[in-house]
Amino acid sequence: MDIAAKIRADFPTLEARDGRKPVIYFDNACQTLRPRQVIETIQRYYQEFPACSGRSMHRMAAEVTREVDQARERVAKFLNAGRKEEIIFTRNTTEGVNLIASTLNWKTGDVILVSDKEHNSNLIPWQMVAKRHGAILRIVRTCEDNTFDMEAFEQALKAGPVRLVAMGYTSNLDGVTIPAAEIIKRAHRQGALVFLDAAQTVPHQRVNVRALDVDFLAFSGHKMLGPSGTGVLYGKYRLLEQLEPFLVGGDTVSTSTYDSCQFLPPPEKFEAGLQDYAGIMGLAAAVQYLQSIGYEAIEKQERMLNEFLSEGLEEIPGVRIIGPSDPRLRGGIISFYVEGIDHHRIALMLDQMANIAVRSGQHCVHSWFNARGVIGSVRASVYVYNTLEEAKLFLDSLIKIRKVL
Amino acid sequence: MFCIIAFIVLSILGIFSASNRQLAREALDCVLRRVTLRPCTTGFDEKMKAKILGYVITRSEAGARFLNRYFEPLSWIFFFLLVGSTFFAVRGVYLYYTTGSCNGLNQGGFCVFDPTGQNTQFSGVDESCPVSSEGNVLNLTLEGVDLGGFPKLAGNPNAKSIVFIGSYGCDYSRKAYPMIRRLAQKYGAELVFLYYPVKEHSDYLAKVGYCAYKQDPQKFWDLNDRLFAADKTRLEDEAFVQELLKASGFNAQSVQFCAKDFQTEWVVKQQLAEVRKTNFYGTPTVFIRNEALVGPKPYRVYAIALEGLLYWLK
């Protein structure tokens with residue numbers, strides 16, 4: 001019995017309903033489905049102790065405080081962080097990127113290195129830093145097949161005072177994972193900090209922040225079976241201490257007068273206002289669920305599906321897969337376009353024909369598409385609960401569409 | 001072109017469904033852009049085309065291929081069909097409102113608003129009641145018909161004229177008569193009553209009516225009302241008719257005597273011959289301002305014929 005067959009019953013969304021076939025959910029790079037364990041954890045908060053964490057003294061508040069603390073600890077261990085205070089809960093990866101972009105002490109002429117296929121969330125914040133602080137945003141070109149070009153990176157590193165290397169760890173466009181450890185080593189050698197957008201990495205492969213020696217790393221809960229609107233920013237504690245607060249207000253200070261305040265240490269100084277406690281608890285439940293499945297099983301399932309899908313797609317006339325031809329380099333993402341056929345039309349027809357959910361468009365990587373004159377693509381992103389039967393149906397449907405259009 | 005059809009269809013579906021309402025809004029945006037010669041940038045038509053193709057392809061690949069290839073021409077065809085069907089639908093509603101039938105005045109055929117065809121049924125001349133055969137509407141006329149000897153209820157000065165041909169034994173006449181009476185009264189119209197027995201047993205009543213009117217034109221209308229309202233199974237009973245005559249204030253014996261007179265029979269025959277000159281083919285037939293209405297119509301139809309579409313303002 002493969003892993004998908006074992007766990008599918010945990011996902012209520014995968015059940016047939018309203019007389020329709022069960023959804024074939026291939027939009028996992030946007031957000032994944034949630035297992036009952038996560039849903040029940042969220043429900044538990046609202047039913048049993050819907051109170052504030054850290055502020056009130058009553059038993060319900062103490063329960064929340066304990067749960068949030070445990071969640072932080074679980075996430076810290078999950079990433080192998082040095083201490084749980086290095087974990088900041090955010091709403092999503094984008095907020096994590098913005099936090100770093102807004103709180104680093106920028107100087108005019110600081111160079112920020114990004115790749116040429118960054119998600120808008122890891123591009124626009126740096127464009128704004130360049131505009132506001134006179135920093136320089138430098139784009140590192142990838143190879144022809146969209147894999148990381150270490151030589152080009154090395155040249156870019158040596159070309160100027162690089163303050164920060166901000167890279168998507170795994171691309172949401174094509175699923176390619178960059179050689180992060182080597183990049184970090186070289187960046188540190190040049191005195192640069194490294195931020196990794198790991199939104200598409202943490203759900204699919206083990207990430208060890210200490211082994212990587214990464215300075216900052218952000219990811220989202222909703223792409224890894226967790227609740228919507230949850231995310232994590234990891235930062236080395238000594239670096240977090242040096243950062244200015246991002247959003248300020250309640251829960252970020254130990255005390256205040258009419259004209260001053262005393263900020264709490266990280267992570268509190270970055271977690272302003274009342275937090276999404278149910279979401280944080282749900283995120284911890286998602287982490288626990290992922291750990292119970294194990295990354296080996298996840299990677300094996302995704303690889304098997306991607307190989308099958310890639311092989312099938314290559315046989316369809318006019319289909320072009322974005323990224324390297326070897327599916328093992330593309331994780332669980334297969335981004336493709338069919339010459340002469342609108343990508344949105346394909347996505348809509350798949351939905352209508354077989355209840356297959358895929359993403360179509362430019363996937364928030366407009367810069368890559370615009371630079372190459374590609375209008376858009378269809379992105380099928382699989383996850384651990386997807387099956388070979390679903391992949392077959394996807395290909396069959398696509399073949400029919402190709403014949404008709 | 002597709003946007004226009006989609007807008008109309010989705011607007012109707014949107015009455016019942018919020019998701020269709022949203023699509024209707026998108027379609028409207030697309031329509032507005034098209035009519036102002038701007039490109040439809042929302043991708044609405046593409047989206048809908050994909051959805052339709054996605055639906056069709058699961059049933060027939062060949063059908064989907066055909067639809068994909070000829071989507072635009074098919075859109076035009078459906079557009080013209082839509083315009084045509086809309087025209088006929090609006091026309092049908094208008095005709096039903098003004099004539100009581102979706103198909104036009106005195107026309108049979110299915111009408112969704114009158115599915116049983118009640119407004120076009122009539123009792124055929126010389127046949128059993130009811131009969132729903134159709135005569136020649138175009139031949140109906142009052143030209144050359146001498147209405148002088150028939151019961152007449154005067155209206156206002158310069159009053160419009162209503163001529164009612166009916167039979168006491170015909171259910172449809174019985175249904176229409178009270179409305180005609182009410183109409184004539186309300187608008188002060190002149191009412192002429194032409195009795196025509198579509199059932200043999202009521203021949204006798206033609207003579208009774210003639211004699212009663214001759215005896216007292218005023219009381220005649222009371223008797224007429226009673227005859228139309230009475231239990232029709234008892235109209236054959238002379239004793240019952242005598243009771244009605246008495247109730248209307250007539251000398252029943254005198255009327256009965258007159259009805260059996262040879263002279264009366266001759267006059268009535270002349271009158272029935274005169275009625276037949278109208279070329280009517282069933283009762284009730286109502287002539288209002290030279291328009292003939294066959295079968296019991298809703299009150300508004302008679303009112304429109306008499307006073308026009310804005311009758312309710314008068």
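Residues numbered from 1 in each chain as written. Chains lettered and ligands numbered in written order. Predicted model: local features only at pLDDT ≥ 70, side-chain atom pairs only at ≥ 80, totals over all residues. Heavy atoms only, no water.

### Topic: the environment of Gly-124 of chain B
In step 1: With respect to the helices, strands and loops of the structure, Gly-124 of chain B is situated in strand β1 (residues 123-124).
In step 2: In this structure the C-alpha to C-alpha distance between Gly-124 of chain B and Val-267 of chain B, which are 143 residues apart in sequence, comes to 23 Å. (Helix = DSSP H or I, 4+ residues; strand = E, 2+ residues; numbered from the N terminus.)

### Regarding the UniProt feature "transmembrane region" (unreviewed entry) in chain B
In step 1: Following the UniProt record, one finds the feature "transmembrane region" (unreviewed entry) at residues 76-97 of chain B.
In step 2: Taken as a whole, residues 76-97 of chain B contains 100% helix and 0% strand, while its terminal C-alpha atoms sit 31 Å from one another. (UniProt positions renumbered as here; feature names shortened; annotations may be inferred.)

### Re the packing of aromatic side chains
In step 1: Counted according to the given criterion, the structure contains 35 aromatic pairs over all chains.
In step 2: Judged by centre distance (5.0 Å) and plane angle (75°), the ring pair of Tyr-45 of chain A and Tyr-46 of chain A falls under edge-to-face.
In step 3: We classify Tyr-45 of chain A as buried; its relative accessible area is 7%.
In step 4: Classification of Tyr-46 of chain A as exposed rests on a relative accessible area of 52%.
In step 5: Three or more aromatic residues joined by ring pairs form one cluster here, namely Phe-164, Tyr-168, Tyr-177, Phe-193, Tyr-195, Tyr-213, Phe-220, Trp-221 and Phe-228 of chain B.
In step 6: For the cation-ring pair, Arg-59 of chain B lies above Tyr-55 of chain B, with the distance from its terminal atom to the ring centre recorded as 3.9 Å.
In step 7: Geometry around Tyr-299 of chain B places Arg-182 of chain B over its ring, the cationic atom sitting 4.2 Å from the centre. (Phe/Tyr/Trp six-rings, centres within 6.5 Å; stacked < 30°, edge-to-face > 60°. Buried < 20%, exposed > 50% of the residue type's maximum accessible area, 1.4 Å probe, protein only. Lys NZ or Arg CZ within 6 Å of the ring centre and 35° of its normal.)

### Quick word on the interface of chain B and chain A
How big an interface is tends to be stated in terms of the accessible area lost upon association of its parts.
In step 1: Between chain B and chain A, the residue contacts involve 14 residues of the former and 10 residues of the latter.
In step 2: Summed over both sides, the interface of chain B with chain A buries roughly 1200 Å², with 63% coming from carbon and sulfur.
In step 3: Between chain B and chain A we count one salt bridge in total.
In step 4: At the junction of chain B with chain A, the criterion picks out four residue pairs in polar contact (both at pLDDT 80 or more). (Contact = heavy atoms within 4.5 Å. Buried area = accessible area lost by both parts, 1.4 Å probe. Salt bridge = Lys/Arg side-chain N within 4 Å of Asp/Glu carboxyl O. Polar contact = N/O pair within 3.5 Å; in protein donor to acceptor, adjacent residues only side chain to side chain.)

### Observations regarding the pairing of strand β5 (residues 162-168) of chain A
Residue and element names in this part refer to chain A.
In step 1: Burial analysis of β5 places seven of its seven residues in the buried class, which makes it a mostly covered element.
In step 2: In terms of strand pairing, β5 meets strand β6 (residues 193-197) through five bridges, oriented parallel. Looking at the pairing, Met-167 lines up with Leu-196 of β6. (Pairing = 2+ DSSP bridges.)

### Some details on the UniProt feature "domain: Aminotransferase class V" (unreviewed entry) in chain A
In step 1: As annotated by UniProt and renumbered to match this structure, "domain: Aminotransferase class V" (unreviewed entry) occupies residues 24-393 of chain A.
In step 2: Secondary structure across residues 24-393 of chain A divides into 39% helix and 17% strand, with the first and last C-alpha atoms of the span separated by 9 Å.

### Observations concerning the environment of Pro-266 of chain A
Residue and element names in this part refer to chain A.
In step 1: By the element assignment, Pro-266 lies in the loop between β10 (261-263) and α10 (277-293).
In step 2: Spatially, the C-alpha atoms of Pro-266 and Ala-297 are 35 Å apart, while their sequence positions differ by 31 residues.
In step 3: Every residue in contact with Pro-266, bar those within four places of it in the chain, is listed here: Glu-85, Tyr-237, Leu-240 and Glu-241.

### Some details on the sheet that holds strand β8 (residues 231-235) of chain A
The strands making up a sheet are joined through hydrogen bonds of the backbone, oriented either antiparallel or parallel.
Residues and elements named next belong to chain A.
In step 1: Overall, mixed pairing links the seven strands, which are arranged β2-β8-β7-β6-β5-β3-β4 in an open sheet. With partners counted over all chains shown, the strands left at the sheet margins are β2 (87-90) and β4 (136-140), one partner each. Strand-to-strand, the axes of this sheet are offset by a mean angle of 20°, without reference to chain direction.
In step 2: Pairing geometry for strand β7 (residues 216-220) and β8, over five bridges, is antiparallel. Residue pairing in the sheet places Phe-216 in a bridge with Gly-235 of β8. (Axes fitted to C-alpha atoms, helices over the stretch in contact; angles between N-to-C directions.)

### Regarding the domain arrangement of chain B
Residues and elements named next belong to chain B.
In step 1: Domain annotation for chain B reports domain 1 (2-99) and domain 2 (120-313).
In step 2: Contact with domain 1, which involves five residues of that partner, is made by seven residues of domain 2.
In step 3: Together, the buried faces of domain 1 and domain 2 total about 520 Å²; carbon and sulfur atoms form 56% of this surface.
In step 4: Of all residues in domain 1, the largest losses of buried area upon contact with domain 2 belong to Tyr-97, Thr-98 and Thr-99, amounting jointly to 79% of the total for that side.
In step 5: The interface formed by domain 1 and domain 2 includes zero salt bridges. (Domains from an automatic or database assignment.)

### Some remarks on the domain arrangement of chain A
Residues and elements named next belong to chain A.
In step 1: Looking at chain A, the domain boundaries give domain 1 (3-30 + 294-404) and domain 2 (40-292).
In step 2: A C-alpha centroid distance of 28 Å is found between domain 1 and domain 2.
In step 3: Summed over both sides, the interface between domain 1 and domain 2 buries roughly 2400 Å², with carbon and sulfur atoms accounting for 51% of that surface.
In step 4: The tally of links between domain 1 and domain 2 comes to one salt bridge.
In step 5: Joining domain 1 to domain 2, the criterion identifies 16 residue pairs in polar contact (both at pLDDT 80 or more).

### Here we look at the pattern of salt bridges
Residues and elements named next belong to chain A.
In step 1: Going through the model one piece at a time under the given rule, you end up with 33 salt bridges over all chains.
In step 2: Ionic pairing is found between Arg-83 and Glu-85, a salt bridge with its closest N-O pair at 3.3 Å.
In step 3: The partly exposed category is assigned to Glu-85, whose relative accessible area is 23%.
In step 4: Among the charged side chains, a salt-bridge network with shared partners connects Glu-154, Lys-158, Glu-182, Lys-185 and Arg-186.

### Focus: unusual backbone geometry
In step 1: Here the amide bond leading from Pro-266 of chain A into Pro-267 of chain A is cis, since omega sits at 5°, within 30 degrees of zero.
In step 2: For Pro-267 of chain A, the position within the fold is in the loop between β10 and α10.
In step 3: A cis amide bond links Thr-283 of chain B to the next residue, Pro-284 of chain B, at an omega of 0°.
In step 4: Relative to the helices and strands, Pro-284 of chain B resides in the loop between β5 (282-283) and β6 (285-288).
In step 5: A positive phi is found at Asp-251 of chain A, a non-glycine position, where the angle reads about 75°.
In step 6: Along the chain, Asp-251 of chain A turns up in the loop between α9 (237-242) and β9 (253-256).
In step 7: Residues other than glycine seldom take positive phi values, yet Asn-158 of chain B does so here, at roughly 60°.
In step 8: As for its position among the elements, Asn-158 of chain B is in the loop between β2 (152-153) and β3 (161-166).

### Things to note about the environment of Gly-318 of chain A
In step 1: Along the polypeptide, Gly-318 of chain A turns up in the loop between α11 (295-314) and β11 (319-321).
In step 2: Here the alpha-carbon distance between Gly-318 of chain A and Arg-238 of chain A, two residues 80 residues apart in the chain, equals 52 Å.

### As for a nonpolar patch on the surface
In step 1: A cluster of nonpolar residues, Tyr-94, Tyr-97, Leu-309, Leu-310, Trp-312 and Leu-313 of chain B, forms a patch on the protein surface that exposes about 640 Å² of accessible area.
In step 2: Structurally, the position occupied by Leu-310 of chain B is in the segment after α12 (299-307). (Patch = residues over 30% accessible without salt bridge, like charges linked within 9 Å, V, L, I, M, F, W, Y side chains within 5 Å. Areas by Shrake-Rupley, 256 points an atom, 1.4 Å probe, with all protein chains shown as cover.)

### Quick look at α10 of chain A
Residue and element names in this part refer to chain A.
In step 1: Helix length check: α10 (17 residues) gives 24 Å between terminal C-alpha atoms against 24 Å at 1.5 Å per residue, within 8%.
In step 2: Of all 17 residues that make up α10, 14 are buried, and the element is covered over most of its length.
In step 3: At the exit of α10 stands Gly-294, carrying a positive phi of roughly 90°. (Expected span 1.5 Å × (residues − 1).)

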